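Report on the structure
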Amino acid sequence: MTTRRKVAVLISGRGSNMRALVEATRDPGYPASIVVVISNMADAGGLDFARGAGIATEIVPHRGLDRAAHGAALDAAIRKHGADLVCLAGFMRLLDPGFVEAWRDRLINVHPSLLPSFRGLDTHAKALAAGVKIAGCTVHFVRADVDAGPIIAQAAVPVRDGDTEAELAARILAQEHRIYPLALRLVAEGRVRVEGDRTIIGAPDATGSLANPSTP
Ligand code: GAR
């Protein structure tokens, strides 16, 4: 097998997407390995899982640092572990534009909406308030604007009558755990080409379509 890409995963909280990525890398055929999990929060729940999995962890607090200084500290922690791809997985700090540019097309994020709809926070509440019948999640390359950048993969789920935010979030999160490892695989294999605001991917597309309500 060719050399695996070395990935840093940045988290702020429970880290379930980080966990999905770590679990994917347990397949020896997977083209990437997680070399470090970095958090801006010392009490991020996901850190315990990473430590238990034998993965190096770093705490890079944002408190007391301006955005550029925090970006520089993150960059140093990433490079210290030799990573050349970065996955944001529930990393809830706005990143320094210089950091984003330095990692252009090597910095990936997962977001719990079908971008470009519902950027920012409270995406599930926004989707329910808008009355959409289909919601979902997106994995994308990061640009300086919040939740913007070329889309690598998306998954859609139905919104059901009476859904609570928690129910919709759980349905979407299950899909995040499916498409983030898939998107990282495609990027690590060099199959994702960025053309302007879009990506071109040499992979078979999903067949069929999702309609909600489904037709009888
Ligand atoms: C995930 O739903 C992720 O999409 C979202 O935070 C959650 C983190 O969960 N990220 C964003 O909203 C970024 N804009 P996790 O810590 O269990 O992976």
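Now for a description of the structure that goes with this document. (Residues numbered from 1 in each chain as written. Predicted model: local features only at pLDDT ≥ 70, side-chain atom pairs only at ≥ 80, totals over all residues. Heavy atoms only, no water.)

Here the focus is the overall build of the protein. Helices and strands together make up the secondary structure of the protein, namely 6 helices and 9 strands. For the protein, whose C-alpha radius of gyration is 17 Å, the value lies close to the compact-globule estimate of 17 Å for 216 residues. Its C-alpha atoms put the protein at 55 × 40 × 35 Å along the principal axes. Evaluated residue by residue, the protein yields a buried proportion of 45% over its 216 residues. The contacts in the protein between residues at least 6 apart in sequence include a share of 63% that link residues at least 24 apart. On the protein, roughly 10,800 Å² of surface is accessible, and the fraction owed to carbon and sulfur atoms is 52%. (Helix = DSSP H or I, 4+ residues; strand = E, 2+ residues; numbered from the N terminus. Rg over C-alpha atoms; globule rule 2.2 N^0.38 Å. Buried < 20%, exposed > 50% of the residue type's maximum accessible area, 1.4 Å probe, protein only. Contact = heavy atoms within 4.5 Å. Areas by Shrake-Rupley, 256 points an atom, 1.4 Å probe, with all protein chains shown as cover.)

Taken together, the neighbourhood of the ligand is formed by Arg-14, Gly-15, Ser-16, Asn-17, Gly-90, Met-92, Val-110, His-111, Pro-112, Asp-147, Leu-173 and Glu-176. At a separation of 2.5 Å, an oxygen atom of the ligand approaches a polar side-chain atom of Ser-16. Side-chain polar atom of Glu-176 to an oxygen atom of the ligand: 2.6 Å apart, as the coordinates give it. Against a free-state accessible area of 450 Å², the protein chains account for coverage of 87% of the ligand. For the shell around the ligand, the class distribution of residues is 4 nonpolar, 5 polar and 3 charged. (Near = heavy atom within 4 Å. Polar contact = N/O pair within 3.5 Å; in protein donor to acceptor, adjacent residues only side chain to side chain. Nonpolar A, V, L, I, M, F, W, Y, C, P; charged D, E, K, R; others polar.)

Moving on, we get to the packing of helix H5 (residues 123–130) against helix H6 (residues 165–188). Relative to each other, H5 and H6 sit at 110°, their axes nearing to 9 Å. As far as their axial angle goes, H6 and H5 are roughly perpendicular. Where H5 crosses over H6, the handedness of that crossing is right-handed. Where H5 approaches H6, its residues His-124, Ala-125, Ala-127 and Leu-128 are matched on the opposing element by Glu-165, Leu-168, Ala-169 and Ile-172. Broken down by class, the residue content of the contact of H5 with H6 amounts to 6 nonpolar, 1 polar and 1 charged. (Axes fitted to C-alpha atoms, helices over the stretch in contact; angles between N-to-C directions. Parallel < 35°, antiparallel > 145°, perpendicular 65-115°, else oblique. Left-handed = near helix turned anticlockwise from the far one by under 90°.)

Attention shifts here to the sheet that holds strand E1 (residues 5–11). Read across the sheet, 7 strands follow the order E3-E2-E1-E4-E5-E6-E7 without closing on themselves; strand pairing throughout is mixed. The sheet is open, and its two borders are formed by strand E3 (56–59) and strand E7 (151–158), each paired with just one other strand. Here the average twist between neighbouring strands, direction ignored, is 20°. Looking at chain direction, strand E2 (residues 32–39) and E3 are connected through 4 bridges and run parallel. In the strand pairing of E3, Val-37 is matched with Thr-57. Along the sheet face, H6 touches E1, E2, strand E4 (85–88), strand E5 (107–111), strand E6 (134–141) and E7 and points at about 155° away from the line of E7. (Pairing = 2+ DSSP bridges.)

In summary, the side chains of a regular strand alternate between the two faces of the sheet. Summarising burial for E5: 5 of the 5 residues are buried, a large majority. Residues of E5 alternate between two faces, with Leu-107, Asn-109 and His-111 on one and Ile-108 and Val-110 on the opposite face, all of them buried. Across 3 bridges, the pairing between E4 and E5 is parallel. Looking at E5, one finds that Cys-87 is bridged to Ile-108. Both E5 and E6 contribute to a ladder of 4 bridges, which runs antiparallel. The residue of E6 that forms the bridge with Val-110 is Val-139.

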